[in-house]
Amino acid sequence: MTEFSWFSRLEPRPRDNDLNSSLAAKIRDPLWFLTRQWQLGKFQAEDAGSLAFIDYAGSRSGLPRWLKQGVETPIDQAAPLEAQTLREAFEPDLSLRVELAQDFGDFLVTHAGSSAAVLIQAFHTSGQFELTLPTDSDLDPLDAATRRFLLVCAGRSLDGFTLYQLGLAIAAGGNVPSAVTTDPNAIAQIKAALADLVSRVALVFGEVGSTDPSVGRSDPVTWQPGRLEYRLQVIAADPSGAGNATLDAHPDSDGEFDWFSFEVASKNATASEAAPVPVQFSMIPGRVEFAGMPSPHFWNFEENTLAIPDLKAEVDDLIKIMVADFMVVHSNDWYVLPYLQPVGTLAKTDRIVVHDVFGKLTLVERADAGSTAPGTNRWTMFSITDRSLATEGLSNYFVLPPTSGAAMHLGSVLEDVRFGRDEMANMAWGIERVTLSPIGEQRSGRERAAEIDARTNLPAPAPTDNGYPLRYQMESAVPANWFPLFAIQPAPPNPSIQLERGEVLRATSGGLSAVPSLSAILNPSTLAGQDYRIEEEEVPRAGLRVARVVYRARWVDGSTHLWTQRRRSVGAGESQSGLQFDQALPKDK
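Because the structure is a prediction, the values reported are computed rather than measured. (Residues numbered from 1 in each chain as written. Predicted model: local features only at pLDDT ≥ 70, side-chain atom pairs only at ≥ 80, totals over all residues. Heavy atoms only, no water.)

### Observations regarding the pattern of salt bridges
Across all of its chains, the model carries 30 salt bridges by this definition. The residue Arg 65 makes a salt bridge to Glu 72 at a minimum N-O spacing of 2.7 Å. The partly exposed category is assigned to Glu 72, whose relative accessible area is 44%. Residue Glu 538 pairs with Arg 227 through a salt bridge whose shortest N-O separation is 3.0 Å. Residue Glu 538 is located in the loop between strand E25 (533-535) and strand E26 (544-554), and its partner Arg 227 is located in the loop between strand E4 (223-224) and strand E5 (229-230); the two are separated by 311 residues in the primary sequence. (Salt bridge = Lys/Arg side-chain N within 4 Å of Asp/Glu carboxyl O. Buried < 20%, exposed > 50% of the residue type's maximum accessible area, 1.4 Å probe, protein only. Helix = DSSP H or I, 4+ residues; strand = E, 2+ residues; numbered from the N terminus.)

In structure tokens, the structure reads:
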């Protein structure tokens, strides 16, 4: 039996220079096309014309101030909101102190010329501007990089941070110490050099100090050490012209303020704010298009860039089902209306009117209009919660905060502290995974703990021969970078629990001593020597991670901003410290 196969190939092969006949795609079977149109419902007449243009009407208002503990601070539109509300001072480590001292020397040469060396020596002689050197101890050993740094700079450099503080004091009305010089010309030259130093610090670092976020400035603290989170509010002028609204602001796990970082806490309809800006325009919208989009005309040849039939969705795969339905059925009915909203504003849409070619007008309302209360029938996007009413609802405007967003470039991780629960030891821990060395470099908590163990591993006393095969161990050792969080009841009979940071004792040649915690996260400067306590619910079973990081961002005007802030994210689960009490161990272990 012989089997024959035929293949037909359709391609334009003109025999002359005219391509019109080949490109015409003439219909040979119009009845088939008419039948397909009837099958697909193309002949079901509707009084619907094609979209012609759209009229938009709305209003826009601003975010004039941010609020913390009753103190209002104007929002600078020339800087990201994170850099204004979340920043904290840069640590004055040894390397920064030496760098600022070198900058001061350069500025002094500019203003004093050849006599600058004599003035620098006068600062050395006075004694109060010498670089303070860290001490090397068994429980806080210096790392190798710091020891090499001290070999070069110890006794040769001034303390640039102390000079910076002197510059701030002079700017506030102080004077150059008489122990340095009493010559009026030299005093004027030193003041000019210190003024340049203060300006440089403000330009590059913003602020240098050893305090929690916002401490030492005119605005209050935004970091809540007991909650391990930021707490602040932003004042927003109502785009309807009805006073203002106070928005609670919560940065996300990346430390950014996005639109969903805000929710309305209260409203003041009688507040006096700048009048909202009306926004009105008419525009021809563009169609929604994407790669592999089905052709709106069934007779078109489609590219096989996206195989829609290969999409497999289960019954509970709602997102995939919705996307597939949009792609197959409704993709040719969606349009895009561009709206340019400046950063740091609230936009309210009053109406969108669609004009078709028949002159018919269609009013497009908010998708959540009439169903703002929580429930299964509420569907909304880009809306923020409004808790100012008796029943929680939704705001009728969109918030675009003055944030750099994706333009924020993450720099060095200065500190990384993990908070975790240890069910075996029935307690929680604060684990310093990364801290700063005295010269401002990253230092692993494990490496520091290993060096402490090496220095405090004193020889155990020889076991006594009492005839018993076991020895008693009261408590096993834990890593030196693990700090206990003990559960306490701060106000009985109130059943609330707080976690209080404790200490780990190590035996040294001088007796028992506490291992110091080096991170600013576990040593809040706002407590001023008080016990550090964390609300018990802030450390979940999944754990918590708090990191101090450096961010750099370029703002809309092209300016560059550098700041330090903290990020809070989910931890890595439960922690196992290996801590055990009251053990009976063999004598040889």
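There is more to say, and it comes next.
### A word on the pairing of strand E23 (residues 505-508)
Burial along E23 is one-sided: the residues Arg 506 and Thr 508 are buried and none of Leu 505 and Ala 507 is. Bridge count between E23 and strand E24 (residues 511-514): 4 bridges; the pairing is antiparallel. Its bridge partner being in E24, Thr 508 is matched across the sheet by Gly 511. Taking the residues between adjacent antiparallel strands as the criterion, E23 and E24 are bridged by 2 residues. (Pairing = 2+ DSSP bridges.)

### Side note on the confidence of the model for the chain
For the chain, per-residue confidence averages 85 on the pLDDT scale, and 89% of positions sit at 70 or higher. Mean pLDDT per element in the chain: helix H1 (residues 20-23) is the minimum at 66, and strand E9 (residues 277-283) is the maximum at 95. Low pLDDT, under 50, characterises residues 214-219; the predicted model gives this stretch 17 contacts beyond four residues in sequence or across chains. (pLDDT = per-residue confidence, 0-100. Contact = heavy atoms within 4.5 Å.)

### Brief notes about helix H7 (residues 160-171)
Between its first and last C-alpha atoms H7 spans 16 Å; for 12 residues at 1.5 Å apiece the expected length is 16 Å, and the two agree. Those residues of H7 that sit buried are Gly 160, Phe 161, Leu 163, Tyr 164, Leu 166, Gly 167 and Ile 170. Tucked inside the fold, the buried residues of H7 contact helix H4 (94-112), helix H5 (116-126) and helix H8 (184-204). Between a side-chain oxygen at the N-terminus of H7 and the backbone nitrogen of Phe 161 the separation is 3.1 Å; the capping residue is Asp 159. (Expected span 1.5 Å × (residues − 1). Polar contact = N/O pair within 3.5 Å; in protein donor to acceptor, adjacent residues only side chain to side chain.)

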